[in-house]
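# Observations on the three-dimensional arrangement
The primary structure of each chain is shown beneath.
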Amino acid sequence: MQMILHYDETYREVKYGSMGLPDIDSKMLMGINVTPVVALLYTPVLIRFFGTKWVMFLAVGIYALFVSTNYWERYYTLVPSAVALGVAIVPLWASMGNYITRMSQKYYEYVNYKEEHVQEQRRPPRGAHMPYLVIFHTIFYSFFHLSFACAQGPMVFFLNGYLYGRNHTLYNVHSCGTNSYGILIGFNRTVLRRLPHSQNLIVVESVLMSVAFLAMLLILALCGSAYRPTEEIDLRSVGWGNIFQLPFKHMRDYRLRHLFPFFIYSGFEVLFVCTGFTLGYGVCSMGLEYLAPILTAYGFGAAVFSSLGLLQLCLPRQVPLVAGATVHLLLILAFFFWAPHPQVLSHSWVFYMVAVLWGVGSALNKIALSTLLGILYEDKERQDFIFTIYHWCQALAIFAVYLGSDLPMKAKLAILLLTVLVSMASYLWMEAKLKQRVAYRLPRIPRPQHKVCGYRYLEDDNSDETGSENEQGSAHSRDGSDNEDGDGEPLGVGALGPGRRRYPYEQALDGEDGPGQE
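Quick look at the structure, then. This is a predicted model, so every value here is computed, not measured. (Residues numbered from 1 in each chain as written. Predicted model: local features only at pLDDT ≥ 70, side-chain atom pairs only at ≥ 80, totals over all residues. Heavy atoms only, no water.)

Of note, Trp-93 is situated in helix α6 (residues 75-111). Under the relative-accessibility criterion, Trp-93 is labelled partly exposed at 21%. As for Trp-93 and Phe-387, which are separated by 294 residues in sequence, their C-alpha atoms are 7.9 Å apart. Not counting residues within four places of it along the chain, the set of residues in contact with Trp-93 comprises Phe-140, Phe-144 and His-391. (Helix = DSSP H or I, 4+ residues; strand = E, 2+ residues; numbered from the N terminus. Buried < 20%, exposed > 50% of the residue type's maximum accessible area, 1.4 Å probe, protein only. Contact = heavy atoms within 4.5 Å.)

Spelled out as structure tokens, the structure:
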């Protein structure tokens, strides 16, 4: 809505005069699209420093800040807020993916809780939380894709009443679809029949601000912590230098490298349906007033068919991901031969059907990828790094789309086709390697290094009680927890809870004060 208002020449001249709004818009787009490229350097540090829940809260707060700058549109408000928004994109999505995965694991522990498992310090079997992981991500992405439909509210209920019809806006447009190039070349520079009143704009912006604040309150009030306090301390205590390096070290794992093309493609396909298809095919043929209905059809289609992600519960995990990519592959091939005529509405149902089908592929793609990462990387001390890499690759794709916005449509389709083919081949190659039991390389998570200043922190068992039988039993179990799991990772890492390794200073205290005295 903001870009459409700023696109209109009359709106800019009347409201902003010689402020140079087009230059401000270009810098805003640059701030939003370029800043996430460096997110891999700071996102893990932010998540470990603030915690998963608080990163989500702060990132949504930055979104609210971006909306609030529209009350007073100036260079010094719009551009810095756009840069801040670009900084928050990857931390928001990385922490959200990590949070949903952790909640599925904690929910499995809650449903299958047995006291003897806690006393014996048993780990859940690998893959046991997978059904809950699939269900949680399916529910989340159903609501996420529904947001594409809800986001058209300002267009449908407010801005559409001010727009010119297609006969005016498409007067100089001569080619659409596969024959087009750039974004809406020949589109009329005036799209508003009359200018909206400032009071009406303030009402719309206030509604958006209230939704942003509601999101912040929901996170604050309803979202619990992803980790126990002792786990968060241990996750931070591996050292900030190690936290900075570990995302790069995880890239040596061939499973992650084989998924890189799919990560890139998942960024490409969302940007293509919002810009390439919606503008280059839909709006170019039917007019700007059909922008909101097309995106609404995409959002509803993706939200409804997100339930297909539950197929992972009864089918091999390769099926949903490959099926979603295959749907997109067939549509991309059809796009190469589709050049709709401008100002023609007789085939409008085709645009809605294509939008829904693209939403089906997007839903399967997003759910299957997030679930696959949660299955391949179950260790809670690795998940924030993995989801950071995933969404950083999506940010790279967004940056590439920003750079190539002026390319011909056939070039964009060729890049999209090549990416989806490479993604499918690379993913199936990874599954073949796993089936052949090819060893993968995981970096070692350093053991937490705590500074001893009095009590480090209280354990789940009451460390203030001394001399009790229960305490001596728990101390004995901790001494005997120095095993390793099947992946070669120490079971006693502090982030794994009460069964952590004991540190030298604790053993020294035991030698001086007797067993069980920490």
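From this point, the narrative continues.
Tallied over the full model, the rule gives 1 disulfide. A disulfide bridge connects Cys-176 with Cys-284, and the sulfur atoms are separated by 2.0 Å. Measuring the twist about the S-S bond at about -85 degrees, one finds the Cys-176-Cys-284 disulfide to be left-handed. Highlighted residues: Cys-176 in the loop between α10 (166-169) and α11 (198-222) and Cys-284 in helix α14 (residues 254-286), separated in sequence by 108 residues. (Disulfide = S-S within 2.5 Å.)

Attention now goes to the environment of Ser-198. Among the secondary structure elements, Ser-198 is positioned in helix α11. Sequence separation between Ser-198 and Tyr-71 is 127 residues, and the spatial gap between their C-alpha atoms is 9.6 Å.

Our next topic: the nonpolar core. Taken as a class, soluble globular proteins show a tendency for nonpolar side chains to be buried jointly. Grouped together as the largest cluster of nonpolar side chains are 60 residues, with contacts concentrated most on Leu-259, Phe-277, Phe-335, Trp-358 and Leu-373. For this core, the secondary-structure elements that each account for two or more residues are α4 (39-50), α6, α14, α15 (291-304), α16 (318-335), α17 (348-376), α18 (383-403) and α19 (409-435). Considering every element that reaches this core, the biggest residue donor is α14, with 13 residues. Setting aside residues no more than four positions away along its own chain, Leu-259 makes contact with Leu-369, Leu-372, Leu-373, Leu-376, Tyr-427 and Met-430. Core analysis: the next-biggest nonpolar cluster, separate from the first, contains 25 residues, Leu-170, Phe-187, Val-191 and Leu-201 among them. (Core = buried A, V, L, I, M, F, W, Y, C linked by side-chain atoms within 4.5 Å.)

Proximity of charged atoms lets side chains of opposite charge pair with each other. Applying the stated rule across the entire model yields 6 salt bridges. Among the salt bridges present, the one from Asp-384 reaches Arg-48, with a minimum N-O distance of 2.6 Å. In this pair, Asp-384 sits in helix α18 while Arg-48 sits in helix α4, placing the two residues 336 residues apart along the sequence. Residues Asp-384 and Arg-48 agree in their burial class; the two are buried. Here Asp-253 and Arg-255 are joined by a salt bridge, their closest N and O atoms 2.9 Å apart. The two residues Asp-253 and Arg-255 agree in class, both being buried. (Salt bridge = Lys/Arg side-chain N within 4 Å of Asp/Glu carboxyl O.)

A grouping of Phe-49, Phe-50, Trp-54, Leu-58, Leu-217, Leu-220 and Trp-240 is seen on the molecular surface, where their side chains present a nonpolar patch of about 680 Å² in accessible area. Those elements giving two or more residues to the nonpolar patch turn out to be α4, α5 (52-68) and α11. With respect to the helices, strands and loops of the structure, Trp-240 is situated in helix α13 (residues 240-250). (Patch = residues over 30% accessible without salt bridge, like charges linked within 9 Å, V, L, I, M, F, W, Y side chains within 5 Å. Areas by Shrake-Rupley, 256 points an atom, 1.4 Å probe, with all protein chains shown as cover.)

The next thing to look at is α5. Between its first and last C-alpha atoms α5 spans 25 Å; for 17 residues at 1.5 Å apiece the expected length is 24 Å, and the two agree. Listed in full, the buried residues belonging to α5 are Thr-52, Lys-53, Val-55, Met-56, Phe-57, Ala-59, Val-60, Gly-61, Ala-64, Phe-66 and Val-67. (Expected span 1.5 Å × (residues − 1).)

This part takes up the packing of α6 against helix α8 (residues 130-150). Close contact between α6 and α8 brings their axes to 9 Å; oriented N to C, the two are set at 140 degrees. Considering their axes alone, α6 and α8 lie oblique with respect to each other. Relative to α8, α6 is oriented so that their crossing is right-handed. On the side of α6, the interface is formed by Trp-93, Met-96, Gly-97, Ile-100, Thr-101, Met-103, Ser-104, Tyr-107, Tyr-108 and Val-111, while α8 contributes Tyr-132, Leu-133, Phe-136, His-137, Phe-140 and Phe-144. A class-by-class count of the residues in the contact of α6 with α8 yields 12 nonpolar, 4 polar and no charged. (Axes fitted to C-alpha atoms, helices over the stretch in contact; angles between N-to-C directions. Parallel < 35°, antiparallel > 145°, perpendicular 65-115°, else oblique. Left-handed = near helix turned anticlockwise from the far one by under 90°. Nonpolar A, V, L, I, M, F, W, Y, C, P; charged D, E, K, R; others polar.)

The next thing to look at is the packing of aromatic side chains. Per the stated rule, a full pass over the model turns up 31 aromatic pairs. Ring geometry for Phe-140 versus Phe-144: centroids 6.4 Å apart, planes at 10 degrees, classification stacked. With Phe-140 and Phe-144 both in helix α8 and 4 residues apart, this pair spans about one turn of that helix. Among the aromatic residues, ring-to-ring pairing joins Phe-272, Phe-277, Tyr-281, Phe-335, Trp-338, Phe-351 and Trp-358 into one connected group. Of note, Arg-255 hangs over the ring of Tyr-440, and the distance from its end group to the ring centre comes to 3.6 Å. The aromatic ring of Tyr-254 is capped on one face by Lys-433, whose charged end is 4.9 Å from the ring centroid. (Phe/Tyr/Trp six-rings, centres within 6.5 Å; stacked < 30°, edge-to-face > 60°. Lys NZ or Arg CZ within 6 Å of the ring centre and 35° of its normal.)

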